[in-house]
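Fold and geometry: a report
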Amino acid sequence: MRVLVRVGVSFPAAIDTVGVFDGEEDSVEPGIRRATLPAWRLPPVRDNEVMVGDERSGLGEYLRHHRSEMAPRNRPGAPPLSHRRVPGLRRQELADIAGISVEYYTRLEQGRASRPSREILTALARAFRLSNAERDHLFRLADERTPRPPAPAADVRPGLKQLLNSLDDTMPVTVHDGRLDMLAFNVAAADLFGPVFDDGPYGRNIVHQAFTSAGIREVLGNEGAEQLSRVAAAELRKALGLYPEDERLRSLFRELSLSSPEFGRQWERGEIGTWRSAMKRVHHPTRGLLAFDSEMLHDPESDHWVMLFTPRRA
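Sequence order as written defines the numbering, with residues in each chain counted from 1. Per-residue local features are limited, in this predicted model, to residues with pLDDT of at least 70; the limit for side-chain atom pairs, both in listing and counting, is 80 or more; totals at the level of whole chains, interfaces and linings are taken over all residues. As a convention, hydrogens and water are excluded, and side-chain values are obtained from all of the structure's heavy atoms.

Concerning the pattern of salt bridges
What counts, and what does not: When a carboxyl oxygen of Asp or Glu lies within 4 Å of a side-chain nitrogen of Lys or Arg, that pair is called a salt bridge. Helix and strand definitions here come from DSSP, where helices need a minimum of 4 consecutive H or I residues and strands a minimum of 2 consecutive E residues; each element is numbered from the N-terminal end. Buried, partly exposed and exposed residues are distinguished by accessible area as a fraction of the type maximum, computed with a 1.4 Å probe on protein chains only: under 20%, between the cut-offs, and over 50%, respectively.
Under the definition given, this model contains 19 salt bridges. Where Glu144 meets Arg118, a salt bridge forms, and the shortest distance between an N and an O atom there is 3.0 Å. Of this pair, Glu144 sits in the loop between helix H5 (132–141) and helix H6 (158–166) while Arg118 sits in helix H4 (residues 118–128), and the two are 26 residues apart along the sequence. A relative accessible area of 17% places Glu144 in the buried class. A salt bridge links Glu247 to Arg254, with the shortest nitrogen-to-oxygen separation between them at 2.5 Å. Here Glu247 falls in the partly exposed class, since its relative accessible area comes to 44%. A relative accessible area of 41% means that Arg254 is categorised as partly exposed. Ionic contacts of the salt-bridge type, sharing partners, join the residues Arg179, Asp181, Asp246 and Arg248 into one network.

Remarks on the nonpolar core
Rules: We define a nonpolar core as any set of buried Ala, Val, Leu, Ile, Met, Phe, Trp, Tyr and Cys residues linked to one another through side-chain atoms lying within 4.5 Å. Should any heavy atoms of two residues lie within 4.5 Å, those residues are considered in contact.
Ranked by internal contacts, the top residues of the largest apolar core, which has 35 residues, are Phe193, Val207, Phe211, Leu220, Leu236, Phe263 and Val282. Among the secondary structure elements, those contributing two or more residues to this core are helix H7 (187–193), helix H8 (206–212), helix H9 (216–242), helix H10 (247–259), helix H11 (261–267), strand S8 (288–299) and strand S9 (304–311). Of all the elements, H9 adds the most residues to this core, at ten residues. Leaving out residues up to four positions away in the same chain, Val207 has contacts with Leu180, Ala232, Leu236, Leu252 and Leu256.

Regarding the environment of Asp299
Tracing the backbone shows Asp299 in strand S8. With relative accessibility at 14%, the residue Asp299 sits in the buried group. Asp299 sits 122 residues away from Asp177 along the chain, and the two C-alpha atoms are 9.3 Å apart. Leave out the neighbours within four places in its chain, and Asp299 touches Arg157 and His304.

Some remarks on the confidence of the model for the chain
Heads up, the condition is: Confidence of the prediction at every residue is given by pLDDT, a number between 0 and 100.
Per-residue confidence for the chain gives a mean pLDDT of 79, with 77% of residues at or over 70. Within the model, the stretch residues 1–54 combines pLDDT values under 50 with 92 contacts to residues more than four positions away or in other chains.

Concerning the layout of surface pockets
What counts here: In this analysis a 1.4 Å probe is tested at points of a 1 Å grid over the protein atoms alone, and where it fits but cannot get out there is a cavity; an open set with protein on both sides within 12 Å along at least five of seven lines is a pocket; lining residues have an atom within 4 Å of a point. Grid points are joined across faces, edges and corners, and a volume is the space filled by probe spheres set on the points. Polarity classes work like this: nonpolar for Ala, Val, Leu, Ile, Met, Phe, Trp, Tyr, Cys and Pro, charged for Asp, Glu, Lys and Arg, and polar for all others, with Gly in that last group.
The computed volume of the second largest pocket comes to approximately 720 Å³. For the lining of the second largest pocket, the elements supplying multiple residues, two or more each, are strand S4 (173–177), H8, H9, strand S7 (277–284), S8 and S9. Take the lining of the second largest pocket: its biggest share by element is ten residues, from H9. Within the lining of the second largest pocket, the residues separate by chemical class into 18 nonpolar, eleven polar and six charged.

Focus: the sheet that holds S9
So the rule is basically this: Pairing between strands is defined by DSSP: at least two bridges between the two strands are required. For every element, the axis is a line fit to its C-alpha atoms; helices are fit only across the contacting stretch, and the angle between N-to-C directions ranges from 0 to 180 degrees.
Read from one edge to the other, the open sheet built from five strands follows the order S5-S4-S9-S8-S7, with strand pairing classed as antiparallel. Where the open sheet ends on each side, the last strands, each with one partner, are strand S5 (182–185) and S7. Averaged over all pairs of adjacent strands, the angle between their axes in this sheet comes to 30°, without regard to strand direction. Where S8 meets S9, eight bridges bridge the pair, whose relative direction is antiparallel.

What to know about the packing of aromatic side chains
Remark: the centre distance and the inter-plane angle together describe each pair of aromatic rings, the angle taken between the planes. Where we set the bar: For this analysis, a ring pair means two rings from Phe, Tyr or Trp (six-membered ring only for Trp) whose centres lie within 6.5 Å, classed as stacked if their planes differ by under 30 degrees, edge-to-face if by over 60, and tilted for the remaining angles.
Going through the model one piece at a time under the given rule, you end up with six aromatic pairs. When the centroid spacing of 5.1 Å and the interplanar angle of 55° are considered together, the rings of Phe193 and Phe309 count as tilted. A residue pair is termed long-range when its members are at least 10 positions apart, and Phe193 in helix H7 and Phe309 in strand S9 qualify at 116 residues. The same class applies to Phe193 and to Phe309, which are both buried. Taking the centre distance of 5.3 Å and the plane angle of 90° together, the rings of Phe211 and Phe263 count as edge-to-face. Here Phe211, found in helix H8, pairs with Phe263, found in helix H11; they are 52 residues apart in sequence, far enough to count as distant. Among the residues examined, Phe211 registers a relative accessible area of 13% and is labelled buried.

Now the structure itself:
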């Protein structure tokens, strides 16, 4: 039987967290009987959950399932593979692709192997050509923390770009990544936040703009600028925890620490997190004071954040 033991949420050790002003509390939906489902079909286990019980058998089922769905590939110079009555690759073929011994792979499938290393799991994910979500599930089944990408995705998905353009006449929409780099915005957002989107030494990085842009207070007012600087410092703390080796983020932190007393004041709050919803007031040069309800949506695969600004009715 599969048992889920919930433990406390832990933050990256490199980041000193004092407060979380909008954390998301994990929950298990009442009534879901996970133990009745095949192990490889179980919903992904979150980073703050630990599995005990049948982890190895669940991992074995997951491996067998993916192996059965892989089409045998003819190797250059080898005779064509004969027709097979059993679909998928043989264990020996999969082990060869992954670069591990067939004996050890067999033990993994049978739930008899010790906990596989991260290197073995990475090799298996590559051999199976798993998507990021499938790879993360493989790691969780092996009771390993899922790999962190070195940086967010660089490109905005075409469908997301289409969404931005389709809302030009409806609402402002922006897209930024987990490093707080502004990646895209539609015409309505450019009209609303034009003075804030100026390029600087860190491009259109929201944290850098929050503490250096001359147009921030003109557009958002004193209260809005204070709110943005508080959120920006908290977001930078989170970004440094997610991407601790990112030299651009580290350089940004060093520069703001030396040049901006306001950044130092906000950093001392020790906050980390994201405000998913907020009311924002924006001073437009021709339309006057405008009010919006903002909502943040997250694409975890790319670590991109979509911010929608819905106009408030008078």
